[in-house]
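# Analysis of the macromolecular model
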Amino acid sequence: MPHLLGVEWAPLNIPLARRLQTLGALHFFFITLFTPVLVLTVPFYMLYTVLWPLIFLYGLWMIYDWNSPKKGAYMSNWFQRQRIHSWYANYFPVKLHTTSDMPEEHNYLIGYHPHGIISMAAFINFATNGTGILDTLPRIRFHLCTLVGQFWTPWRREWGLLHGMIDCSRESIKHVLEHEKKGKAVVLVVGGAEEALDAHPGCHILTLKKRKGFVKIALQTGAQLVPCYSFGENDIFNQAENPKGSTIRQFQTIMKRVLGFSPPAFYGRGVFNYTFGLLPFRKPINTVLGAPISVTKTVNPTQEQIDTLHQTYMDRLHELFEEHKTKYDVSPTTQLVIN
C-alpha cells in the first residue's frame, strides 16, 4: 500500500466486491450525516422556485404522520432486504450469533451493548437484513430505538420508519411491547450518549449500573429481557483521549446535556486512504445475542423487584461477555467494566 506525506493511500486495483462494500458504508454515512444538512437547507431554496408546493405538501404529511415513531413505525421488508445493507455488513464484516431460540409467543426487550460511536452493528443487525436476521429469526419483528430528534429531519425520518426504527421514549417502547400480537422485539442501546464517550478501541466500558428504566418497562409489559454484546463495536473508530475530569470530557458532558447527545471527537478512514476520514475502519464486529431472561408481568413493580431483575440482567450480560470474548479476539484477561 503506497504511503505519501504520512498518509496510507488505497491501491487502485481493489476488487469490485470491496468497492461495493465501501459504497454500502458511504450510503449509510450519507443518510445519517449529510442528508440532515441537505433536507434542512434545500427547502429554503425551493421556496423561491416552482417547487414550493412540495414543501407545503410535505409539511401536511409530516403533521399527519408525526406519531408514527411512537406507534411502531411502518417497516418494509423490501427496504430491510436491500442489497446495499449486505454490502455494508460485509464491509467490516458484521456477523450475528444467536445463542438461544426466541419463541414467537413472547415479546422481547433487547439491551444492546456497547454503544460505540454510532452503534453501527445495532443498525445493521436489527434494522436491516444485512446479517440475515429476517431469515434467522423470521417470526420476530425487530424495532431499533433511536433518539426522538432523529425523526425531526424530513425524508430521513421516513427512511428510519421504513426500517422499523422507533423513538426511544417510554411511550414508544411500551406501545410495541404491549401489542396484542406477540413476536415483537425492541432493541435499546442502553448506555446511550454517556457510554459513547468511553468508546475507545480495546475498551469494554458500559454505562449500566443506574440504567434501570428499561428493566421497569420489561416488568410492566412482561417482555423477556435479552442481553446483547457486540465485540468490535468500539474498535472501528479512534476517539480523542477524554478521561473523566479532562477539559474535553467536561465540554462533551455539557453538550450532551444541551443537545441530548454527546459529540465524540473521532476519526476513521477515508474513501481513498486508510489514515483519516469519517468512514469506519474495516474491523470485524461480532454481535452475540444472549438467551432471554424470563420476566413475570408486574404492572406496578416495586423497587426491589426492579433492582433484582436489573442485577440478574447484569450478571447474564457479564456471563455472555466472559463466555464469548476469547472467540472474538478479546484477551482472556480483559474485564467488562460496568459503571
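Going along each chain's sequence as written, the residues are numbered from 1 onward. Predicted model: local features are reported for residues with pLDDT of at least 70 only, side-chain atom pairs are reported and counted for 80 or more only, and whole-chain, interface and lining totals are derived from all residues. To get the side-chain values, all heavy atoms of the structure are used, and hydrogens and water are removed first.

- In the annotation of an unreviewed UniProt entry, the protein is listed under the name Acyltransferase and assigned to Caenorhabditis elegans.
- UniProt positions are given in the numbering used here, feature names are shortened, and annotations may be inferred rather than shown by experiment. Of the protein, the UniProt comment under Sequence similarities (unreviewed entry) reads exactly: "Belongs to the diacylglycerol acyltransferase family."
- The UniProt entry for the protein carries the following comment under Subcellular location (unreviewed entry): "Endoplasmic reticulum membrane".

### Comments concerning the UniProt feature "transmembrane region" (unreviewed entry) in the protein
- In the numbering adopted here, UniProt assigns the feature "transmembrane region" (unreviewed entry) to residues 20-39 and 45-64.
- For residues 20-39, helix accounts for 100% and strand for 0%, while the C-alpha atoms at its two ends are 26 Å apart.
- Each helix corresponds to a stretch of at least 4 residues labelled H or I by DSSP, and each strand to a stretch of at least 2 residues labelled E; elements are numbered beginning at the N terminus. End C-alpha to end C-alpha, residues 45-64 measures 24 Å, and it is 75% helix and 0% strand.

### Structural notes on the nonpolar core
- By nonpolar core we mean a set of buried residues, namely Ala, Val, Leu, Ile, Met, Phe, Trp, Tyr and Cys, connected to one another through side-chain atoms within 4.5 Å. Accessibility here uses a 1.4 Å probe with only protein chains present; expressed as a share of the type maximum, an area under 20% marks a residue as buried, one over 50% as exposed, and anything in between as partly exposed. Judged by nonpolar contacts, the single largest core of 78 residues is most densely connected at Leu 109, Ile 110 and Leu 225.
- Looking at this core, the element that brings in the most residues is helix H12 (residues 303-324), giving 7 residues.
- If we ignore the near neighbours within four places in the chain, the residues touching Ile 110 are Met 102, Phe 126, Phe 142, Ala 185, Val 186, Val 187, Leu 188, Val 226, Cys 228 and Leu 289. A contact between two residues is defined here by any heavy atoms of the two lying within 4.5 Å.

### Remarks on the sheet that holds strand E9 (residues 224-231)
- Pairing is mixed in the open sheet, where 7 strands are placed in the order E3-E12-E9-E4-E7-E5-E6. In this open sheet, the two edge strands, each paired with only one partner strand, are strand E3 (94-98) and strand E6 (166-167).
- Pairing geometry for E3 and strand E12 (residues 285-289), over 5 bridges, is parallel. Paired with Leu 96 across the two strands is Thr 287, which belongs to E12.
- Each of strand E4 (108-113), strand E5 (141-146), E6 and strand E7 (184-189) touches helix H8 (residues 170-177); the most contacted strand, E7, lies at about 155 degrees to it. When DSSP locates at least two bridges between a pair of strands, those strands are taken to pair. To obtain each axis, a line is fitted to C-alpha atoms, and for helices this fit is confined to the stretch in contact; angles are then taken between N-to-C directions over 0 to 180 degrees.

### Looking at the packing of aromatic side chains
- Under the pairing criterion, centres of Phe, Tyr and Trp rings, with the six-membered ring standing for Trp, must be within 6.5 Å; the plane angle then separates stacked pairs below 30 degrees from edge-to-face pairs above 60, leaving the rest tilted. A full pass over the atoms with the stated rule returns 16 aromatic pairs.
- Plain terms: the ring middles of Phe 28 and Phe 29 are 5.8 Å apart, the flat faces sit at 80 degrees to each other, and that makes the pair edge-to-face.
- Looking at Phe 28, the relative accessible area reads 4%, which means it is buried.
- Aromatic pair Tyr 88 and Phe 92: ring centres 5.5 Å apart, planes at 55 degrees, arrangement tilted. Take Tyr 88 and Phe 92: they sit in the same class, and that class is buried.
- Through a chain of ring-to-ring contacts, the aromatic side chains of Phe 28, Phe 29, Tyr 88, Tyr 91, Phe 92, Phe 123, Trp 159, Phe 237 and Phe 266 assemble into a single cluster.

### Some details on the layout of surface pockets
- In this structure, the largest pocket encloses a volume near 1,500 Å³.
- A pocket, in this scheme, is an open set of points on a 1 Å grid over the protein atoms alone with protein on both sides within 12 Å along at least 5 of 7 lines, while a cavity is a set where a 1.4 Å probe fits but cannot get out; residues line either one if an atom lies within 4 Å of a point. Around the largest pocket, the lining comprises 48 residues; the ones closest to its centre are His 115, Thr 146, Leu 147, Gln 150 and Phe 261.
- Gly counts as polar in this scheme, as do all residues outside two lists: the nonpolar Ala, Val, Leu, Ile, Met, Phe, Trp, Tyr, Cys and Pro, and the charged Asp, Glu, Lys and Arg. The residue makeup of the lining of the largest pocket, split by class, is 28 nonpolar, 14 polar and 6 charged. Grid points are joined across faces, edges and corners, and a volume is the space filled by probe spheres set on the points.

### Things to note about the pattern of salt bridges
- Salt bridge criterion: a side-chain nitrogen from Lys or Arg within 4 Å of a carboxyl oxygen from Asp or Glu. Counted according to the given criterion, the structure contains 9 salt bridges.
- With its nearest N and O atoms 2.8 Å apart, the salt bridge here joins Asp 65 to Arg 157. On the criterion of sequence distance, the pair formed by Asp 65 in the loop between helix H2 (52-64) and helix H3 (77-80) and Arg 157 in helix H7 (residues 156-162) is long-range, its members being 92 residues apart. Like Asp 65, the residue Arg 157 is buried in the burial classification.
- In this structure, Arg 249 engages Asp 198 in a salt bridge whose closest nitrogen and oxygen atoms are separated by 3.3 Å. Highlighted residues: Arg 249 in helix H11 (residues 247-259) and Asp 198 in the loop between helix H9 (192-196) and strand E8 (205-206), separated in sequence by 51 residues.
- Each member of the salt-bridge network shares a partner with another, and the members are Asp 65, Arg 157 and Glu 158.

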